[in-house]
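Inside the fold
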Amino acid sequence: MRHTILAVTLTAALVLAGPVLAQSEEDVLDSIENIHGDVDGFNEAFALMQDAFLFGNPTAIADLGLYPLTVNANGEVYDIFEAQDLVDNFDSLLTGETIDALASQDYADLIVTSEGVGFANGALWMTSICLDDDCADTQWGILSINN
């Protein structure tokens, strides 16, 4: 009996400590607003990013980057220091599978954590950064890409 209670307690703790895996668009948006704020800014960045991946626009994707940007590709970790570096090396840094997954991302499948919002099962992470001391002005951007 003690093992059962311990197992249930540990399972509940792991579930509560993990990311918020929302089941609907509304749940995801509520989680983003509650954890990060500026859900309108997120919606704008989401739309720009999805269009950029859908229409194959590396410059628009690079413009959403928060630099230095970490890219895990080809079994290596790359620190991308400016947007042009991402544009120049786009085809070798992102796989077609990753691009397709990001182009077809649904809100309901996003991962929301205190660190940011994960797309395509963590293939891309976006977060909000403060642009002033009191964090009244924020910006959403791409933090990392993982192929």
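Rules of the game
Residues numbered from 1 in each chain as written. Predicted model: local features only at pLDDT ≥ 70, side-chain atom pairs only at ≥ 80, totals over all residues. Heavy atoms only, no water. Helix = DSSP H or I, 4+ residues; strand = E, 2+ residues; numbered from the N terminus. Buried < 20%, exposed > 50% of the residue type's maximum accessible area, 1.4 Å probe, protein only. Contact = heavy atoms within 4.5 Å. Areas by Shrake-Rupley, 256 points an atom, 1.4 Å probe, with all protein chains shown as cover. Pairing = 2+ DSSP bridges. pLDDT = per-residue confidence, 0-100. Expected span 1.5 Å × (residues − 1). Arc of directions from axis to C-beta. Axes fitted to C-alpha atoms, helices over the stretch in contact; angles between N-to-C directions. Parallel < 35°, antiparallel > 145°, perpendicular 65-115°, else oblique. Nonpolar A, V, L, I, M, F, W, Y, C, P; charged D, E, K, R; others polar. Patch = residues over 30% accessible without salt bridge, like charges linked within 9 Å, V, L, I, M, F, W, Y side chains within 5 Å. Salt bridge = Lys/Arg side-chain N within 4 Å of Asp/Glu carboxyl O. Lys, Arg positive; Asp, Glu negative; His and termini not counted. Charge placed at Lys NZ, Arg CZ, Asp CG, Glu CD. Left-handed = near helix turned anticlockwise from the far one by under 90°.

Okay, the overall build of the protein next. A tally of helices and strands in the protein yields seven helices and six strands. Put simply, the protein runs from its N terminus to its C terminus through helices and strands in the order α-α-α-α-β-β-α-α-α-β-β-β-β. When burial is assessed residue by residue, the protein has 37% of its 147 residues classed as buried. Taking as baseline every contact in the protein between residues at least 6 positions apart, the subset at least 24 positions apart corresponds to 50%. A total of about 8600 Å² of accessible surface is found on the protein, and carbon and sulfur atoms cover 53% of it.

Relative to strand β2 (residues 76-80), strand β1 (residues 65-73) runs antiparallel, the two sharing five bridges. Across the sheet, alanine 73 pairs through a bridge with glutamate 76, a residue of β2. Here β1 folds back onto β2 in antiparallel fashion, the turn holding two residues, of which asparagine 74 has a positive phi close to 55 degrees.

Of all residues in the protein, 84% attain a pLDDT of 70 or more, and the chain-wide mean is 87. Every residue in residues 1-18 scores below 50 in pLDDT, and together they form zero contacts with partners more than four places removed in sequence or on other chains.

What follows is about helix α3 (residues 39-54). The end-to-end C-alpha distance of α3 is 22 Å, a good match for the 22 Å that 16 residues give at a rise of 1.5 Å each. Looking at α3, one finds that the buried residues are Val39, Phe42, Ala45, Phe46, Met49, Gln50, Ala52 and Phe53. Here the buried residues of α3 occupy an arc of 160 degrees about the axis, which is enough to place them on one side. Turned more than 90 degrees away from the buried face of α3 sit Asp40, Glu44 and Leu54, all of them exposed. Phi turns positive one or two residues past the end of α3, at glycine 56, with a value near 65 degrees.

Before going further, it helps to spend a moment on the packing of helix α2 (residues 25-35) against α3. One can describe the packing of α2 onto α3 by two numbers: an axis separation of 9 Å at closest approach and a directional angle of 120 degrees. Between α2 and α3, the angle is such that the two are oblique. For the pair α2 and α3, contact is made by Leu29, Ile32 and Glu33 and by Val39, Phe42 and Asn43, respectively. The class makeup of the residues in the contact of α2 with α3 is four nonpolar, one polar and one charged.

Taken together, Glu25, Glu26, Asp27, Asp30, Glu33, Asp40, Asp106 and Asp109 make up a surface patch of like negative charges. With five residues, the top contributor of residues to the negative patch is α2. In this structure, aspartate 40 sits in helix α3. Overall, the relative accessible area of 62% leaves aspartate 40 in the exposed class.

What follows concerns the packing of α3 against helix α7 (residues 96-103). With their axes 8 Å apart at the nearest point, α3 and α7 run at an angle of 135 degrees to one another. Looking at the two axes, α3 sits oblique to α7. The handedness of the crossing between α3 and α7 is left-handed. Where α3 abuts α7, its residues Gln50, Phe53 and Leu54 lie against Ile99, Leu102 and Ala103. Grouping the constituent residues of the contact of α3 with α7 by class yields five nonpolar, one polar and no charged.

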